[in-house]
Amino acid sequence: MFKKLKIGLALGSGGARGLAHIGVIKALEKANIPIHIITGSSIGALVGGMYAQTLDIDDVEKKIVSFFTGEEYKKTGLHLFRSEMQPENFFGQVARKTDGELIIQLDRKRISLMKHDRIGIIMDSLLGEGLIENTRVKFSPVATNLETGEIVVFRSGSIRESIKASAAIPGFLPPIEYRHLVLVDGSVSASIPVEPALGLGADIVIAVNVSRSLDQEPMPDNVIDILFRTNMITSLRNDMMACEKADVVIKPQVGHYHWAQFDKFHELIAEGEKYASAGVDLVKKIIKKRGGKLPNLEFEKEPN
């Protein structure tokens, strides 16, 4: 008697690098590995949510390509954050040098570089209306409670609003007020939401890590860059600890891409598929070792 093992997919944050998640899902589909549970943080929540609504990864890819090559993308202003400076350094985006001195240009009453409606353009364009509990596979985006610091795992409610909260990058986007909570990006508390996937009943968790690598960054030479690098070290350590709880970790080699290089969608998707394909055999071995069986590729709606 084979066990009916539930496979969970934990999709991590990482801006444009998260488009590699599309390639990962394509590779899992080709290998006939079913996905029963999806959790996602930030871009992972967006890609995971799009897929959970349709279970058509080719359609997800088409929508992504169409959006990031169209006029709606330009309205978001995300392309303006491309820079040759430290790629994901928020402070560097608002700093300038005057007579050899580094000055932070930020109104103390301003809470973000971008307005709330910018992220709404993305969600409204890429996600269908609907509720999390009505997705075709069990799905939960994660966000962070700005007041308590706790992980918020959405199991019901508006799929658009919850993913907006999951992708509200501190500093770049304002916090989202939803369900009487003030929420920011899921990456703050669970950049790779492995524990939420386990909490939703996954027997086997595949974590997808699209974070940067320290060796991609030059050594800091000023206080701003030192603050940025130390924060990055903390984030990467948290990613490592999260991945230790996963059964399989897929890490596409996308660390050299800027978080806003959404125009590199073809390369990013290809990298995701390439590195997921390499991990497929390990997934199959774990399923077999735990007494499970790989059925023909059939995705059935799981009870939420």
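Look up: the structure comes first, before these words.
Residues numbered from 1 in each chain as written. Predicted model: local features only at pLDDT ≥ 70, side-chain atom pairs only at ≥ 80, totals over all residues. Heavy atoms only, no water.

Trainee: Quick question: what am I supposed to make of the overall build of the chain here?
Mentor: The helix and strand tally for the chain stands at 11 helices and 10 strands. Expressed as a percentage of the 304 residues in the chain, the buried residues total 53%. Across the chain, contacts joining residues at least 24 apart in sequence account for 77% of those joining residues at least 6 apart. With the model as given, the accessible surface of the chain reaches about 14600 Å², and the carbon-plus-sulfur share is 51%. (Helix = DSSP H or I, 4+ residues; strand = E, 2+ residues; numbered from the N terminus. Buried < 20%, exposed > 50% of the residue type's maximum accessible area, 1.4 Å probe, protein only. Contact = heavy atoms within 4.5 Å. Areas by Shrake-Rupley, 256 points an atom, 1.4 Å probe, with all protein chains shown as cover.)

Trainee: Can you help me understand helix 7 (residues 159-166) in this one?
Mentor: Side chains of residues three or four places apart in an α-helix project in the same direction, reflecting 3.6 residues per turn. Counting buried residues in helix 7 gives 7 out of 8 residues, a clear majority hidden from the surface. Those residues of helix 7 that sit buried are Ile159, Arg160, Ser162, Ile163, Lys164, Ala165 and Ser166. The N-capping residue of helix 7, defined by a side-chain oxygen 3.4 Å from the backbone nitrogen of Arg160, is Ser158. (Polar contact = N/O pair within 3.5 Å; in protein donor to acceptor, adjacent residues only side chain to side chain.)

Trainee: Help me out: how do you make sense of the packing of helix 1 (residues 20-30) against helix 11 (residues 265-289) in this one?
Mentor: When two helices pack together, their arrangement is captured by the angle between the axes and the distance separating the axes. The contact between helix 1 and helix 11 brings their axes to 6 Å, and the two run at 40 degrees. It follows from the interaxial angle that helix 1 and helix 11 lie oblique. At the point where helix 1 passes helix 11, the crossing takes the right-handed sense. Taking contact as the criterion, the partners of Ala20, Ile22, Gly23, Val24, Lys26, Ala27, Leu28 and Lys30 in helix 1 are, on helix 11, Leu268, Ile269, Gly272, Glu273, Ala276, Ser277 and Val280. Within the contact of helix 1 with helix 11, the residues separate by chemical class into 9 nonpolar, 3 polar and 3 charged. (Axes fitted to C-alpha atoms, helices over the stretch in contact; angles between N-to-C directions. Parallel < 35°, antiparallel > 145°, perpendicular 65-115°, else oblique. Left-handed = near helix turned anticlockwise from the far one by under 90°. Nonpolar A, V, L, I, M, F, W, Y, C, P; charged D, E, K, R; others polar.)

These values are about where atoms sit, not about what they do.
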